[in-house]
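Here is how the chains run, residue by residue.
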Amino acid sequence: AQSVAQPEDQVNVAEGNPLTVKCTYSVSGNPYLFWYVQYPNRGLQFLLKYITGDNLVKGSYGFEAEFNKSQTSFHLKKPSALVSDSALYFCASTSGTYKYIFGTGTRLKVLA
Amino acid sequence: NAGVTQTPKFRILKIGQSMTLQCAQDMNHNYMYWYRQDPGMGLKLIYYSVGAGITDKGEVPNGYNVSRSTTEDFPLRLELAAPSQTSVYFCASSRLAVNTGELFFGEGSRLTVL
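Now for a look at the structure at hand.

Rules behind the numbers
- Residues numbered from 1 in each chain as written.
- Chains lettered and ligands numbered in written order.
- Predicted model: local features only at pLDDT ≥ 70, side-chain atom pairs only at ≥ 80, totals over all residues.
- Heavy atoms only, no water.
- Helix = DSSP H or I, 4+ residues; strand = E, 2+ residues; numbered from the N terminus.
- Polar contact = N/O pair within 3.5 Å; in protein donor to acceptor, adjacent residues only side chain to side chain.
- Contact = heavy atoms within 4.5 Å.
- Buried < 20%, exposed > 50% of the residue type's maximum accessible area, 1.4 Å probe, protein only.
- Pairing = 2+ DSSP bridges.

Structural notes on the side chain of H29 of chain B
All names here are of chain B. Examined against the element boundaries, H29 turns out to sit in the loop between β3 (19–25) and β4 (31–37). Polar contacts involving the side chain of H29 include one to the main-chain amide nitrogen of S94, which spans 3.5 Å. When near neighbours in sequence (up to four residues on either side) are disregarded, H29 contacts R68, T71, S93, S94, R95 and F104.

Spelled out as structure tokens, the structure:
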């Protein structure tokens, strides 16, 4: 069965430090991978996606993600965290169907 | 631009009541989706539509119905509400099929069934 895993329920990081939010996937065929962010009482907002090509994908708000086929991972990164980055982050995948498979989400808390 | 608009934002239902969650998008997107979000569970797909007049079931369709008479609107109907349907519901749309196009989400409808 296809799945997306986010192994950490919560990640805490100090402001100004680099952050990583982890995601691994298990899908048939070529993976199409996405990151979304959700602020309190809001809908999800698209951050970035990997379809094909360069393994390092750059997205909104200074975020980037690295696609690693051998490790089946797509970790979200940012060189310097901001307090305003505190939110719920979702990794998602699809492999050519009309349906997304979402991870369970990781709550990022950036401490001032 | 309004994007994806959901109404109502909050609703409390009694067991056995019915209601419709409204969703409208003004981006001329063909693809529309309904998800429910439960704590610690991520998002689960209820129904989706690839165009006007075409709908299909997602992972958790039981207890729900949809229709897509226009490109803009994709209402979700709850019949005979049950406490298990207490959740936050999100409508989303995309211009392209999901394997290349990102989703645009509404702000959600929080439903409580008592």
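Having seen it, we continue.
Focus: the pairing of strand β12 (residues 106–111) of chain A
All names here are of chain A. Here β12 shows one buried face, formed by T106, L108 and V110, and one open face, formed by R107, K109 and L111. Sheet analysis places strand β2 (residues 10–14) next to β12, joined by five bridges and oriented parallel. Looking at the pairing, V11 lines up with L108 of β12. When strand β10 (residues 87–94) meets β12, the two strands line up antiparallel, connected through three bridges. Its bridge partner being in β12, A87 is matched across the sheet by L108.

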